[in-house]
Every structure is written in C-alpha cells, then in structure tokens.
Amino acid sequence: MKNNKISIDLDIEDLLGIKETSKDSLEYDLEFIVNNGYDEYIKQQEEHNKKKQEFIELFKECYDELCIFMEKDPKQRVAISCFTCIKGMDLSKQYGKPKKDK
C-alpha cells in the first residue's frame, strides 16, 4: 500500500514575519522610507542611477576590448563573429534568407 501523505515544509521565519526582505521588493523600499525618510530614499535612487549610467558609459568605451576578450574564450560561451550577423541575414521569417538592399 502506498503512503499518500503530503508533507508541507513551512519556513517558520516567513510565517512569523521576521524574515529579512530582499532589496528588490516594495516592502524593502517602504521600510527604508519609514526608517530613513523620503529624501534619503530619493538620494539613494539617484546614486544608483548615476552608478548605472557610469557602468553603461564604461561598457560602451570598452566594448571592442570586451569582444576581443570574449572571442578568445576557450568555451565560446558568447557568439561574437556570427556568420549570419556579419552577412546581414534576416532570420525572422526564413532561415538564411538574406536582407534585400533598398
């Protein structure tokens, strides 16, 4: 005879509401605003956006070097010199159909 019991594992911290919230949740944002004030929250968001923009600028600046680095990857995890990309083929409707020049 087969045992048909269903075991449910519940996280006791989650049930009691004492689990720490993740930084990407609304609950974390609201708690931060309550504890530190709205001005501090806005300042933190602006600082985060500034860091993000700096990263994008650095990425644009170093893109060619990153491509060379990824081409030399022994596992070839990122396709850099894809034949269809180099030849400008449109693969959206049919595989291998070249784009028509206008």
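Everything in this summary refers to the structure shown in the same document. Throughout, residues of each chain are indexed from 1 in the direction in which the sequence is written. Confidence filtering applies because this is a predicted model: local features only for residues at pLDDT of at least 70, side-chain atom pairs given and counted only at 80 or more, and all residues used for totals across whole chains, interfaces and linings. Hydrogens and water molecules were not included; the side-chain quantities draw on all heavy atoms of the structure.

Take the packing of helix 2 (residues 26-36) against helix 3 (residues 38-61) next. Between N-to-C directions, angles cover 0 to 180 degrees, with each direction set by a line fitted to C-alpha atoms, over the stretch in contact for helices. For helices the rule is a DSSP run of H or I covering at least 4 residues; for strands it is a run of E covering at least 2, with both sets numbered from the N terminus onward. With their axes 7 Å apart at the nearest point, helix 2 and helix 3 run at an angle of 125° to one another. Relative to helix 3, the element helix 2 lies oblique. Side by side, helix 2 and helix 3 meet where Asp29, Phe32, Ile33 and Asn36 of the first sit next to Tyr38, Glu40, Tyr41 and Gln44 of the second. The residue classification treats Ala, Val, Leu, Ile, Met, Phe, Trp, Tyr, Cys and Pro as nonpolar and Asp, Glu, Lys and Arg as charged. All others, Gly included, are polar. Counted by class, the contact of helix 2 with helix 3 contains 4 nonpolar, 2 polar and 2 charged residues. The scheme is simple: roughly parallel for angles under 35 degrees, roughly antiparallel for over 145, roughly perpendicular for 65 to 115, oblique for anything else. Here, two residues are considered to be in contact whenever any of their heavy atoms come within 4.5 Å of each other.

It is worth spelling out the packing of aromatic side chains at this point. Centres within 6.5 Å make a pair out of two Phe, Tyr or Trp rings, where for Trp the six-membered ring is used; the pair is then stacked when the planes are under 30 degrees apart, edge-to-face when over 60, and tilted otherwise. Taken as a whole, this structure holds 4 aromatic pairs when the rule is applied. The interplanar angle of 55° and the centroid separation of 6.4 Å between the aromatic rings of Phe32 and Tyr41 together place this pair among those described as tilted. As far as the burial class goes, Phe32 and Tyr41 line up, both buried. Among the aromatic residues, those joined into a ring-pair cluster are Phe32, Tyr38 and Tyr41. The cut-offs for exposure are 20% and 50% of the maximum accessible area for each residue type, with area from a 1.4 Å probe on protein chains only; residues under the lower value are buried, those over the upper are exposed, and the others partly exposed.

The values are spatial; any link to function lies outside them.
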